[in-house]
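Residue-level structural notes
This is what each chain is made of:
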Amino acid sequence: MASVVNDANGRRRISFRGLDGKRRSLRLGEVSKATAGEVCRHVNVILACAGLDAPLDQKTAVWIGNLADDWHAKLAAVGLVDPRVKAEATAGTPIGPFAEEYLAKREDM
């Protein structure tokens, strides 16, 4: 179970035990108590679903999808989500050469 920890310097973090059994901290910085509570709720949902091998609820899935890259990277660093892959890294063959090759193989056209 995740919990919000208030550090002495005014910053907040989420403390939790990861699926590997190790104690982890997700540093949030200077955020409001409400924001820290919402992040904690989502972390609890992620941990529970991962532990049960169940799909995430829609609210948490949308929340993860809408996260900025730096926040998503923080979640990935503590093993809560998979790292994002840049679009250019997954780009395959452009459609133009593929279409030309396909049409050249078609004998009925």
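**A few points about the sheet that holds strand β2 (residues 12–17)**
Taken together, the three strands give an open sheet; going across it, the order is β1-β2-β3, and neighbouring strands pair in antiparallel fashion. Unpaired on one side and paired on the other, β1 (3–6) and β3 (23–29) mark the two borders of the sheet. On average, each strand axis in the sheet is inclined to that of its neighbour by 30 degrees, with strand direction left out of account. In terms of strand pairing, β2 meets β3 through six bridges, oriented antiparallel. Paired with Phe-16 across the strands is Arg-24, a residue of β3.

**What about the side chain of His-72?**
Here His-72 shows up in helix α3 (residues 69–77). Residue contacts for His-72: discarding those within four places in its chain leaves Ile-64, Leu-67, Val-81, Asp-82, Pro-83 and Arg-84.

**Considering the side chain of His-42**
Topologically, His-42 is positioned in helix α1 (residues 33–52). Non-local contacts of His-42, meaning those with residues more than four positions away in its chain, are made with Lys-59, Thr-60 and Trp-63.

**Things to note about the pattern of salt bridges**
Under the defined criterion, the tally for this structure stands at four salt bridges. Close ionic contact of Asp-7 with Arg-13 constitutes a salt bridge, the shortest N to O distance being 2.9 Å. We classify Asp-7 as partly exposed; its relative accessible area is 22%. We classify Arg-13 as partly exposed; its relative accessible area is 21%. In this structure, the salt-bridge partner of Lys-105 is Glu-101, at a minimum N-O distance of 3.2 Å. Residue Lys-105 and its partner Glu-101 are both found in helix α5 (residues 95–105); the two are separated by four residues, about one turn of the helix. For Lys-105, a relative accessible area of 60% translates into the label exposed. By relative accessible area, Glu-101 is classed as partly exposed at 48%.

Parameters at a glance
Residues numbered from 1 in each chain as written. Predicted model: local features only at pLDDT ≥ 70, side-chain atom pairs only at ≥ 80, totals over all residues. Heavy atoms only, no water. Pairing = 2+ DSSP bridges. Helix = DSSP H or I, 4+ residues; strand = E, 2+ residues; numbered from the N terminus. Axes fitted to C-alpha atoms, helices over the stretch in contact; angles between N-to-C directions. Contact = heavy atoms within 4.5 Å. Salt bridge = Lys/Arg side-chain N within 4 Å of Asp/Glu carboxyl O. Buried < 20%, exposed > 50% of the residue type's maximum accessible area, 1.4 Å probe, protein only.

Geometry only, nothing functional implied.
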